[in-house]
Amino acid sequence: MQLALVSPGCAIFCQVLSVFGIVFLVVLGLLFNAEVEELVGSTEDPVNPKEVGHACFLAAGIYTAFFVCCSCQQFVRKADTRRARRL
């Protein structure tokens, strides 16, 4: 029974992309929550920067879920490889 859903290359790429997305979105969320002047100072900026910060944290959580999923895929792939070597 094979539980791996994606190839190892795709899983690694997803992990790397997720790490960058998590870092970027958390920093952006912190900046919006702190109401940094460069992000909330003009007339075209969001009305409620705290909600934008919350949305950034939510998106970072989604990226974290993808990171965990791809990490599990890597673990399953390694377990399948070890199992195949024993046979």
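For the structure, check the block above.
Here is what the cut-offs are and how they apply
- Residues numbered from 1 in each chain as written.
- Predicted model: local features only at pLDDT ≥ 70, side-chain atom pairs only at ≥ 80, totals over all residues.
- Heavy atoms only, no water.
- Patch = residues over 30% accessible without salt bridge, like charges linked within 9 Å, V, L, I, M, F, W, Y side chains within 5 Å.
- Areas by Shrake-Rupley, 256 points an atom, 1.4 Å probe, with all protein chains shown as cover.
- Salt bridge = Lys/Arg side-chain N within 4 Å of Asp/Glu carboxyl O.
- Lys, Arg positive; Asp, Glu negative; His and termini not counted.
- Charge placed at Lys NZ, Arg CZ, Asp CG, Glu CD.
- Helix = DSSP H or I, 4+ residues; strand = E, 2+ residues; numbered from the N terminus.
- Buried < 20%, exposed > 50% of the residue type's maximum accessible area, 1.4 Å probe, protein only.
- Contact = heavy atoms within 4.5 Å.
- Expected span 1.5 Å × (residues − 1).

**Student:** So what's going on with a positive patch on the surface? Residues and values would help.
**Tutor:** A contiguous patch of positive charge, built from K78, R82, R85 and R86, is present on the exposed surface. Within the element layout of this structure, R82 appears in helix 3 (residues 49–86). R82 gets classed as partly exposed once you look at its relative accessible area, which sits at 42%.

**Student:** Describe the side chain of Q15, naming the residues involved and giving the relevant values.
**Tutor:** Of note, Q15 is situated in helix 1 (residues 8–33). Taking relative accessible area as the criterion, Q15 reaches 16% and is therefore assigned buried. Once residues lying within four places of it in the same chain are set aside, the contact partners of Q15 are F67, C70, S71 and Q74.

**Student:** Would you mind going over helix 1 in detail, with residue names and values included?
**Tutor:** With 26 residues, helix 1 should reach 38 Å at 1.5 Å per residue; the first-to-last C-alpha distance of 37 Å fits that figure. Looking at the buried side of helix 1, the elements it contacts are helix 2 (37–40) and helix 3. Positioned one or two residues after helix 1, E35 has a phi angle of 55 degrees, which is positive.

**Student:** Can you lay out helix 3 for me, pointing to particular residues and giving the numbers?
**Tutor:** In a regular helix each residue adds 1.5 Å, so 38 residues correspond to 56 Å; helix 3 covers 56 Å between its end C-alpha atoms and thus fits that length. Tucked into the core, helix 3 has its buried residues touching helix 1 and helix 2.

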